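The chain contents come next:
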Amino acid sequence: MRTRVRSGDPDAYAELFDSYSRTLYNHAFRMTGDWAVAEDVMSAAFLEAWRLRGTVDPEGGSLRPWLLGITTNIARNHCRSNRRFRAAAAVAAAAAGAAAVPDHAEEVAGRLDDRRQIAATLAQLSALRRPEREVLLLCLCEGLEYAEAARVLGIPVGTVRSRLSRARTKLRKLADAELKKNGRELAARSRQAYEDRAKAVRSAQEGI
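Just so we're clear, the structure is a prediction, and the values are computed from it rather than from any experiment.

Cut-offs applied
- Residues numbered from 1 in each chain as written.
- Predicted model: local features only at pLDDT ≥ 70, side-chain atom pairs only at ≥ 80, totals over all residues.
- Heavy atoms only, no water.
- Phe/Tyr/Trp six-rings, centres within 6.5 Å; stacked < 30°, edge-to-face > 60°.
- Helix = DSSP H or I, 4+ residues; strand = E, 2+ residues; numbered from the N terminus.
- Buried < 20%, exposed > 50% of the residue type's maximum accessible area, 1.4 Å probe, protein only.
- Lys NZ or Arg CZ within 6 Å of the ring centre and 35° of its normal.
- Axes fitted to C-alpha atoms, helices over the stretch in contact; angles between N-to-C directions.
- Parallel < 35°, antiparallel > 145°, perpendicular 65-115°, else oblique.
- Left-handed = near helix turned anticlockwise from the far one by under 90°.
- Contact = heavy atoms within 4.5 Å.
- Nonpolar A, V, L, I, M, F, W, Y, C, P; charged D, E, K, R; others polar.
- Expected span 1.5 Å × (residues − 1).
- Arc of directions from axis to C-beta.
- Polar contact = N/O pair within 3.5 Å; in protein donor to acceptor, adjacent residues only side chain to side chain.

Peer 1: Any chance you could break down the packing of aromatic side chains for me, citing the residues and the numbers?
Peer 2: Tallied over the full model, the rule gives four aromatic pairs. Summarising the aromatic geometry, the rings of F17 and F46 are spaced 5.0 Å apart at their centres and angled 55° between planes, so their arrangement reads as tilted. Of this pair, F17 sits in helix α2 (residues 10–32) while F46 sits in helix α3 (residues 35–51), and the two are 29 residues apart along the sequence. F46 sits in the buried class, given a relative accessible area of 9%. Residues Y25 and W35 carry aromatic rings whose centres are separated by 5.7 Å and whose planes lie at 40° to one another, so their mutual orientation is tilted. Of the two residues, Y25 sits in helix α2 while W35 sits in helix α3, which places them ten residues apart along the sequence. Since its relative accessible area comes to 16%, Y25 is described here as buried. Each member of the aromatic cluster is reached from another via a ring pair, and the members are Y25, F29 and W35. Between the NZ or CZ atom of R53 and the centre of the ring of W50, over which it lies, the distance is 4.2 Å.

Here it is, written out as structure tokens:
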């Protein structure tokens, strides 16, 4: 495959697209928080791969890390700051929360749950700095080894480890805060339900 790509074999690129377009699309979305931008990034990544075909090492394994590296660089240009990423994440969250779900439409409800999960994931990722987010997505979401991620990003392996460690620490604190928040909300709802039941009982007794 590497030899065919280096030689500019169109069939080889068709195979690459069939194999990795969905992977690059999803990675671009996680990087940018915007489905439309992700589609543009994915398309641009394959065009850039064609332009850079001569740089492919003829020896090696899968071209997936190479393609992910190209996609990361292009997505980075679309999302230079966390402010833009947070804005896209906020739009996704608003869209998920605003959608109406008919009681009889289980399939629609399932899609809404998916959108809410995506929005929650984007909200968590927005807590990270861009370099931390890139390492987290490549190592945890795409399953690259530290050395592969280091080559993709052009940074030392030690930097990959430290960024990933910081990202995990931030996400762990965020998860703990969310659990505490949910616990307080659950306790408040339980107290309200108990008070409502108590009022109902008193009202019934007074009516006897």
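Still more to cover.
Peer 1: Run through the packing of α3 against helix α4 (residues 64–78), naming residues and quoting values.
Peer 2: Between α3 and α4, the least distance of the axes is 9 Å, while the angle of their chain directions is 130°. By the angle between their directions, the pair α3 and α4 is classed as oblique. The interaxial crossing formed by α3 with α4 has right-handed handedness. The segment α3 lies against α4, with V37, V41, A44, A45, E48 and A49 engaging W66, L67, I70, T71, I74, A75 and H78. Residue composition of the contact of α3 with α4, by class: ten nonpolar, two polar and one charged.

Peer 1: Just give me the short version of α3, but keep the residues and values in it.
Peer 2: Under the 1.5 Å per step criterion, the end-to-end length of α3 is 24 Å for 17 residues, consistent within 8% with the ideal 24 Å. A38, V41, M42, A45, F46 and A49 are the residues of α3 that are buried. Here the buried residues of α3 occupy an arc of 135° about the axis, which is enough to place them on one side. Turned more than 90 degrees off the buried face of α3, the exposed positions are D40, L47 and R51. With a side-chain oxygen lying 2.9 Å from the backbone nitrogen of A36, the N-terminal cap of α3 falls on D34.

Without other data, these values stay purely geometric and don't point to any function.
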